[in-house]
Amino acid sequence: MTTKNLIALSAFLLFFSLSIQGYSQRSSQHTISGTVIDDDLEVPLEYATISITNTNDPSDINGGVTDIDGKFEIEVPEGTYNILVEFISYEPKQFNNRKVDSDLDLGTIKLGVSSANLDEVIVRAETTQVDVRLDKKIYNIGKDLTTAGGTVGDALNNVPSVSVDIDGGISLRGNENVRILINGKPSAMAGFGDSDVLNQLPADAIERVEVITSPSARYDAEGTAGILNIILRQQETLGFNGSLSLNAGTPANAGISANLNYRTEKFNLFTNTGFRYFDAPGGGFFDTRYNENSGVEFDRIVEDRDIERLNRNFNTSFGMEYFINEQSSITGSVFYRYGEDEDLTTNVTDNYINANQVLGTTREERQTENDDSWQFSLNYVNNFDDNGHKLTADLQFETDKETQFTTIGEREDYNTDNRPVDLIGENINTIEDQKEYLIQADYVLPLGEESQFEAGYRGNFENEITDYTLFQENPVTGDLELNESLTNVFDYSENVNALYTQYGTKFGQLSFLLGLRLENTQLKGKIDSELTDAELEDVFGFAIDTDFDNKYLGLFPTVNFIYELAERENITLGYNRRINRPRGWFINPFPSRSSNNNVFQGNPNLQPAYSNAFDLGYLKRWEKLTLTSSVYYQHETESFERIEENIAGTNVIRTIPVNLASNKRTGAELGLLYNPADWLRLNSSFNFFQFKTEGEFNGKNYDAENTSWFARFSSKVSLPAKIDWQTNAFYRGASEGVQGTQEGILSIDLALSKDIFNENATLSLNVRDLLDSRKRESFTSTDTYDRYSEFQWRQGQNVTVSLIYRFNQQKREQNRRNGNDGNMDEGDFEG
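Residues numbered from 1 in each chain as written. Predicted model: local features only at pLDDT ≥ 70, side-chain atom pairs only at ≥ 80, totals over all residues. Heavy atoms only, no water.

When helices and strands are tallied, the protein chain shows 5 helices and 48 strands. Put simply, the protein chain has 831 residues, and 54% of those count as buried. Roughly 35500 Å² of accessible area belongs to the protein chain as shown, and the carbon and sulfur atoms make up 53% of that amount. (Helix = DSSP H or I, 4+ residues; strand = E, 2+ residues; numbered from the N terminus. Buried < 20%, exposed > 50% of the residue type's maximum accessible area, 1.4 Å probe, protein only. Areas by Shrake-Rupley, 256 points an atom, 1.4 Å probe, with all protein chains shown as cover.)

Shown next as structure tokens:
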């Protein structure tokens, strides 16, 4: 029986018992009283359930619930009773055979968090909290010292199953086709699919990260790897409270952020505002050797690339939740982000013939970028009763304008045989306008005590217009002239309408959740260019559709089971079908221009990829050790792969995404959380995966098999003087792709922290990439060339000192609605 139903049953039986006893009996009653609090936080637990059973007559049940201060007073006749104190997600406490012949005060009753619940097992540690549910695992960031003063990207890199590469790209179980959500929805905070934006948001804004490898029908079908749902903090404390964070470090970086909250019984005001300034120097090295039959001018080209970045970002959000009544509320919020970036990329190129340097050039690309993003959202929640019967509705509008101005200049350093060289200066103006609308409604209906029905609709409508203007230097006059051939406007829209339904229930120790999602997708694009279709085919090397309107209708079933083998042991099984839609950057056919010899070019002919995935998981808890594990299999059709090819007769190497035939991925992961002593906490995970790719492009076969792995280890040690020391290590094993190999990458982070000012503030020092080893080294081999390359997004160690000051955060109010934490998890099936 669930806690909510127990409350209702207890109240009914209490009323019935009182009505038949009569006034004369009530006059001889005694009071059982007490106060229920959280054992860890020592805050009151409102709506904790008190059940009182007469030992002489088990059908004689009395009881009640605690008030906002965690207090209760219940009158009972003289007798002997068993007293049970319960609260959802907490271990109950039992007081057996208590004789009541006068008023009985149980004093302060402390409840600890439960080790097992109907559909979840919670494992707590200061660094991480793992919450295993039917369709996802939830990792609370906790007191992760190494992310203090860092970004959301830094925090994600410490989450099991997740890896963040040196470019900021996010992968789940080694698969980069992952969907990023903020508070359960697509969001401008996630950068319209550009994961680099996550490096502009502070890590301390995160409450938890939901790793959803087997998403239920409630979630978007987008992302063949699964979903990462980032839940941001929102205080629930009565009164005015918040925190202020300051950080500074080297390479030059500084930031300030404030998280403020004011709550009353009728409304809750919240804001999170921050500014960040940072310098992120990076670089790369490319050594390309062309085969004798390649027919190119130079047989070897070496590029040494140096990148200087200066970024200034401001972001703020403000919102208000208004409690219409005890059952319903409405929340409105506004998010704004502004960024200014100044980058300088310097490419020093040496060209060889027969091992002799014959031509050297230096190419400088200066780029300034301004980015304005707004998000407006409105959320309505109506709880029809206290049993989970609920309706939620969401409206959201986002707009983003990104303006880039790029100047490219190139000079000749040496020319041993005075060969003719065209060194042409360029100016590029790029304006990207993005708009996104979201409409969503979800309805949850409990069916009895152990079952739940859910249905909903989501409409997501995105449009992106890229206005690209290229001016090139006239080699005769030196004037900049418009290049009408490559100047273009690319208008791209993605519209998705989705309906879903799902049903969950519990039979004994077995719970399951069955769902079906129907999605109608429209991918529409138009390229406005002076070039004809035939000329575009000559320029890009393949025929492209310049005006397309593709529609796809798909069914996406989901199945999730969890079986409780014991109180601290369970098995989970999940199946889901997913879709991976191409994004604008992958579709725009006009190439990047930061290098003469290495370019990336989108492919408007890309079609969505589809996957079927299975996941089998196991969890076991001992007193000091927790083990989580899973094995998984995924078969993806029309999978995206980046293919490199040498453009015939030139030294230019183009990278282009294409649909290959299939990708089969098999893997296993293991996680251990071990607390051998109060002063030591250890956390580690290991992920092993193998994939097999089959397919061809432009008549070439790209079949490949690869086995790789990644592992992370974290230790937290409590030193004397109440100083905490944390070490995080991450290693990604070597891998093999369809055209080459990549070396392993090791990264180590260290941090020290100490609470000060009566534990109202925390001072911390952290060092990221201690060994300066987060560097990608790869080797590519094709029919016409071999290339060794290195790339490092941020060079050198990153050292940061941060101070977080908290005020009025010692106490928090339990949610007004039977312990629901109000954190966007509405609708989670509890069996």
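Bringing a nonpolar patch on the surface into the picture now. A cluster of nonpolar residues, L670, L672, F686, F688, W709, Y731, L746, L770 and L771, forms a patch on the protein surface that exposes about 700 Å² of accessible area. For the nonpolar patch, the secondary structure elements donating two or more residues are β36 (662-677) and β37 (680-694). Position of L670 among the secondary structure elements: in strand β36. A residue is classified by how much of its surface remains accessible, and L670, at 37% relative accessible area, is partly exposed. (Patch = residues over 30% accessible without salt bridge, like charges linked within 9 Å, V, L, I, M, F, W, Y side chains within 5 Å. Salt bridge = Lys/Arg side-chain N within 4 Å of Asp/Glu carboxyl O.)

A separate point is the pattern of salt bridges. Counted under the stated rule, the structure contains 24 salt bridges. D220 is the partner of R517 in a salt bridge, and the nearest nitrogen-oxygen pair spans 3.4 Å. In this pair, R517 sits in strand β28 (residues 510-529) while D220 sits in the loop between β14 (206-212) and β15 (226-232), placing the two residues 297 residues apart along the sequence. Given the relative accessible area of 3%, R517 is considered buried. When the shortest N-O distance is used, the salt bridge between R581 and E222 registers 2.7 Å. In this pair, R581 is assigned in the loop between β30 (569-580) and α5 (584-587) and E222 in the loop between β14 and β15, connecting sequence segments 359 residues apart. Note on accessibility: R581 and E222 belong to one class, buried. Among the ionic contacts, a cluster of salt bridges with common partners joins D220, E222, R458, R517, E519 and R581.

So, on to the layout of surface pockets. Its boundaries defined by the atoms lining it, the second largest pocket holds a volume of some 1200 Å³. Together, 41 residues line the second largest pocket, and S595, N596, N597, T650 and V652 are the ones closest to its centre. Only β20 (300-323), β21 (328-353), β22 (356-383), α4 (533-540) and β34 (640-646) provide two or more residues apiece to the lining of the second largest pocket. Class assignment of the residues belonging to the lining of the second largest pocket gives a composition of 15 nonpolar, 15 polar and 11 charged. (1 Å grid on protein atoms, 1.4 Å probe; cavity = no way out; pocket = protein on both sides within 12 Å on 5 of 7 lines; lining within 4 Å. Points joined across faces, edges and corners; volume = space filled by probe spheres on them. Nonpolar A, V, L, I, M, F, W, Y, C, P; charged D, E, K, R; others polar.)

Strand order in this open sheet of 4 strands is β3-β2-β5-β6, and the pairing throughout is antiparallel. At either end of the open sheet lies a strand with only one pairing partner, and these are β3 (57-65) and β6 (93-100). Neighbour-to-neighbour, the strand axes of the sheet open up by a mean angle of 25 degrees, direction not taken into account. Pairing geometry for strand β2 (residues 49-54) and β3, over 6 bridges, is antiparallel. Within β3, the position partnered with N54 by the bridge is D57. (Pairing = 2+ DSSP bridges. Axes fitted to C-alpha atoms, helices over the stretch in contact; angles between N-to-C directions.)

So, on to the side chain of R419. Along the chain, R419 falls in the loop between β23 (390-415) and β24 (426-447). A polar contact of 2.7 Å, which involves the side chain of R419, links it to the side chain of D417. Sequence-distant contacts of R419, defined by excluding residues within four places in its chain, comprise E297, F298, I353 and V358. (Polar contact = N/O pair within 3.5 Å; in protein donor to acceptor, adjacent residues only side chain to side chain. Contact = heavy atoms within 4.5 Å.)

Bringing the environment of D413 into the picture now. Mapped onto the elements of the fold, D413 is located in strand β23. Along the sequence, D413 and G360 sit 53 residues apart, while their C-alpha atoms lie 5.0 Å from each other. Those residues in contact with D413, other than ones at most four positions away along the chain, are G360, T361 and T362. One polar contact links D413 to T362, side chain to side chain, over a distance of 2.6 Å.

So, on to the nonpolar core. For soluble globular proteins, the rule of thumb is that nonpolar side chains tend to be buried together. Core analysis: the biggest nonpolar cluster contains 29 residues, and Y492, I643, V658, F697, Y702 and V738 have the highest contact counts within it. Secondary structure elements with two or more residues in this core: β25 (451-473), β27 (488-507), β28, β29 (547-566) and β35 (653-659). In terms of residues, this core owes the most to one element, β29, which gives 3 residues. Apart from the residues lying within four places of it in its own chain, the contact partners of V738 are E641, R642, I643, L660, T693, Y702 and A704. Ranked by size, the runner-up nonpolar core spans 19 residues in total, among them I32, I50, V76 and L111. (Core = buried A, V, L, I, M, F, W, Y, C linked by side-chain atoms within 4.5 Å.)

Before going further, it helps to spend a moment on the sheet that holds β35. If you walk across this open sheet you meet the 3 strands as β31-β35-β34, and the pairing is mixed. Single-partner strands in this sheet number two, and they are β31 (598-600) and β34. Strand-to-strand twist of the sheet, defined as the mean angle between neighbouring strand axes without regard to direction, takes the value 30 degrees. As paired strands, β34 and β35 are joined by 7 bridges and run antiparallel to one another. Within β35, the position partnered with F640 by the bridge is N659.

Below, the discussion takes up the pairing of β29. With 17 bridges joining them, β28 and β29 adopt antiparallel strand pairing. Within β29, the residue paired with L513 across the bridge is N560. As judged from the 8 bridges shared by β29 and β30, these two strands associate in the antiparallel manner. Paired with Y563 across the strands is I571, a residue of β30. Between β29 and β30, which pair antiparallel and follow one another directly, the connecting turn spans 2 residues.

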